[in-house]
Amino acid sequence: MNIALPALLTFLLLLPGILLSYSYRRGFFSPSRVTLGPLRDEIGVGIVWGLVVHPLSLLSATSFGLWTPDVSFLYQVFAGATTDLDADTGWQVRGLFYYLITVNLGALGIGWMVHWVVRRAKLDILFPWLRFNNEWHYNFSGEARLFSVANESDWFWDRWRDIQKESNAELLRIHCAAVVPVGGASFLYAGKLDRYYFDSAGQLDQIVLQDVERIPLDALTPPQPTVDDANASRVSDDTDAPDAAGAEGEWFSIPGNFLVIQYANVQTLNFDYVVLQPSGPDADVDASEVAN
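Since we're looking at a predicted model, the values are computed, not measured.

Rules used in this analysis
Residues numbered from 1 in each chain as written. Predicted model: local features only at pLDDT ≥ 70, side-chain atom pairs only at ≥ 80, totals over all residues. Heavy atoms only, no water. Phe/Tyr/Trp six-rings, centres within 6.5 Å; stacked < 30°, edge-to-face > 60°. Helix = DSSP H or I, 4+ residues; strand = E, 2+ residues; numbered from the N terminus. Buried < 20%, exposed > 50% of the residue type's maximum accessible area, 1.4 Å probe, protein only. Lys NZ or Arg CZ within 6 Å of the ring centre and 35° of its normal. Salt bridge = Lys/Arg side-chain N within 4 Å of Asp/Glu carboxyl O. Contact = heavy atoms within 4.5 Å.

## Considering the packing of aromatic side chains
Okay, step 1: Within the structure shown, the criterion is met by 11 aromatic pairs.
Okay, step 2: Judged by centre distance (5.5 Å) and plane angle (20°), the ring pair of Trp136 and Phe140 falls under stacked. A residue pair is termed a helical-turn pair when its members lie 3 or 4 positions apart in one helix, as Trp136 and Phe140 do in helix H6 (residues 135–141) at four residues.
Okay, step 3: Measuring from ring centre to ring centre gives 6.5 Å for Phe271 and Tyr273, while their planes differ by 10°; the resulting arrangement is stacked. Neither residue differs from the other here; Phe271 and Tyr273 are each classed as buried.
Okay, step 4: Through pairs of rings, three or more aromatic residues link up here, namely Trp136, Phe140, Tyr196, Phe198, Tyr263, Phe271 and Tyr273.
Okay, step 5: The side chain of Arg195 reaches across the aromatic face of Phe258, ending 5.0 Å from its centre.

Now the structure itself:
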């Protein structure tokens, strides 16, 4: 039989490492910014993880008598040599493909399992080096508030206990405020986060808000004092207004159930997490976390 698929077999040998890395990074985030990058970028990851996956997989297959690879035959296969197909070589071919299919599916499942363990135990919150490259999930889910809790104690168990306690608090809502330029002026849009979307490249694309209000950004900035030309030490009476209450009076509601904001147009984005602590029936919402 003429084995003319060395390139395909080489790719299948690299694929378990790629799938293991991707399934761990992608996990169960929904939505997620994690995408498979260009093949040239993923090959390096596949080689590194393949050096771990394949020795362990071959050791297991050999120990349990599932498949014992013939080194000489495998060399001929990957060299693209021509060989006659008999019972022994046929078994080696079938065993090789069964091995590749099993290892690829196993790598995919192991990546998901490890991701689930890390997320379930909140190890990504405890250890920054385990944190996933999905910062928008942490911000939009409210988990970002746990980062400061993880840094409050030097002891691992104290930090883990504080994180578990804080994560049990009920997240009532996430309030978003975005500065967006409109017609040469900047407006502050504020509302309750409903959902968000990524584009095909994994970048944040749209933010959807509910119960949205807006105000010109200039209305939130108090006017600067003016100096009387006749007396440099005297400040004009015009600096008495408007105050903060006057600025709040200029908010007006945006008609409609939802407002879609293109992230490309956002200058700044602010999050407020409204949390109800489970300390008892009289638990109060932290007023510092509420934005109106």
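## Brief notes about the pattern of salt bridges
A side chain of one charge can pair with a side chain of the opposite charge when the charged atoms of the two come close.
Okay, step 1: Under the criterion given, the structure shown has eight salt bridges.
Okay, step 2: Its salt-bridge partner being Glu166, residue Arg145 comes within 3.3 Å of it at the nearest N-O pair. Of this pair, Arg145 sits in the loop between H6 and helix H7 (146–150) while Glu166 sits in helix H8 (residues 156–167); the two residues are 21 residues apart in sequence, bridging distant segments of the chain. Judged on exposure class, the residue Arg145 and its partner Glu166 are both buried.
Okay, step 3: Asp194 is the salt-bridge partner of Arg195, the closest N and O atoms lying 2.2 Å from each other.
Okay, step 4: Three or more residues are tied together by salt bridges with common partners; here these are Arg119, Asp124 and Glu143.

## Quick word on the side chain of Ser57
Okay, step 1: The topology assignment puts Ser57 in helix H2 (residues 39–63).
Okay, step 2: Ser57 gets classed as buried once you look at its relative accessible area, which sits at 19%.
Okay, step 3: If sequence neighbours within four positions are ignored, Ser57 has contacts with Tyr99 and Val103.

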